[in-house]
Amino acid sequence: MNSTASPPLASVVVRTLGRATLPRALASVAAQTHRPVEIVLVDAAGSGLKMARHANVAVRVVGRGEPLDRSRAANAGLQGARGAWISFLDEDDEIAPGHLAQLIATATIAGLPVAYSQTRLGDDGRVFGGPFDRAALMRSNYIAVHAPVFHRSLVDAGARFDESLDLLEDWDFWLQLAQKTDFAFSGKPTAVYHAGSGASGAGAGQNLDRDAVLAARERLMKKWQRGAT
């Protein structure tokens, strides 16, 4: 995690079902001030998607040749990422141009393998997310899926998305990482969330089902009450 003469490669994992908002999400990665950067595009629909570049950024399409739910798609993205730093971006959201550069700098200065930003609601400009609080994170997920970057050493140490979860898989993943490390906080709203467009990646739209979300939350709480690591 120390600074080197050559900036580290950052991988942005985008799970896609081919929604109309995908070009906007990819354009926000191409606009990043941090270089080098790659897009790991997860073909969650299993449609045989092909893409080599978007604007000036290399794209690697990964998948398993079949439709993938959100957790399996996320793990396929982790497996395909080659960067020293990894980030997720849902295909209906976007990140500000300085997002990756600022978070990698924040993590490096803090000497931590995770850093995250605030998240701005694109429809009304409200901002959420505050300084890292492990106890608060156990109660509620205040970190949007595209707000953090994390070092690949955590993946090498075994961090993975729980494929038994079809919702709230990102919250579970942050809880896993929080068992291993504190998170640095940039305090800047560089992640942009577009409310009302549903969940991205596999399983799009499920986050709009309140009963499904409540059931998923109950499963997640039971898992961590059992002492998940």
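Residues numbered from 1 in each chain as written. Predicted model: local features only at pLDDT ≥ 70, side-chain atom pairs only at ≥ 80, totals over all residues. Heavy atoms only, no water.

*Asks:* I'd like a description of the sheet that holds strand β10 (residues 148-151), backed by residues and values.
*Replies:* One open sheet accounts for eight strands, arranged β3-β4-β2-β1-β5-β10-β7-β11; its pairing is mixed. Because the sheet does not close on itself, it has two edges, and the strands there are β3 (53-54) and β11 (184-185). Two strands pair when backbone bridges link them, and strand β7 (residues 114-116) and β10 are joined in this way by three bridges, in the antiparallel orientation. By the bridge assignment, Tyr116 is partnered in β10 with Pro148. Helix α1 (residues 22-30) rests against β1 (10-16), β2 (37-43), β3 and β4 (57-62) of the sheet, and its axis sits at about 160° to β2. Contacts from helix α6 (residues 169-178) reach β1, β7 and β10, with the element oriented near 45° to β10. (Pairing = 2+ DSSP bridges. Helix = DSSP H or I, 4+ residues; strand = E, 2+ residues; numbered from the N terminus. Contact = heavy atoms within 4.5 Å. Axes fitted to C-alpha atoms, helices over the stretch in contact; angles between N-to-C directions.)

*Asks:* For the pairing of β2, give the residues involved together with the corresponding values.
*Replies:* With seven of seven residues buried, β2 lies mostly within the body of the structure. Judged by which residues are buried, β2 turns out to be covered on both faces: Val37, Ile39, Leu41 and Asp43 on one side and Glu38, Val40 and Val42 on the other are all buried. The pairing of β1 with β2 spans seven bridges and is classified as parallel. Within β2, the residue paired with Val13 across the bridge is Val40. With respect to chirality, the unit in which β1 leads through α1 into the neighbouring parallel β2 is right-handed. As paired elements, β2 and β4 share five bridges and run parallel to each other. The residue of β4 that forms the bridge with Leu41 is Val61. (Buried < 20%, exposed > 50% of the residue type's maximum accessible area, 1.4 Å probe, protein only. Right-handed = clockwise from strand over helix to strand, strands pointing away.)

*Asks:* I'd love a proper account of the pattern of salt bridges, names of residues and values included.
*Replies:* If you walk through the whole model with that rule in mind, you get 15 salt bridges. The residue Arg15 makes a salt bridge to Asp90 at a minimum N-O spacing of 3.2 Å. Taken together, the residues span a long stretch of sequence, with Arg15 in strand β1 and Asp90 in the loop between β5 (85-88) and β6 (94-95) at a distance of 75 residues. Across the pair, exposure class does not vary: Arg15 and Asp90 are buried alike. Note that Glu169 is salt-bridged to Arg15, the shortest N-O span being 3.1 Å. Of this pair, Glu169 sits in helix α6 while Arg15 is found in strand β1, placing the two residues 154 residues apart along the sequence. Taking relative accessible area as the criterion, Glu169 reaches 1% and is therefore assigned buried. (Salt bridge = Lys/Arg side-chain N within 4 Å of Asp/Glu carboxyl O.)

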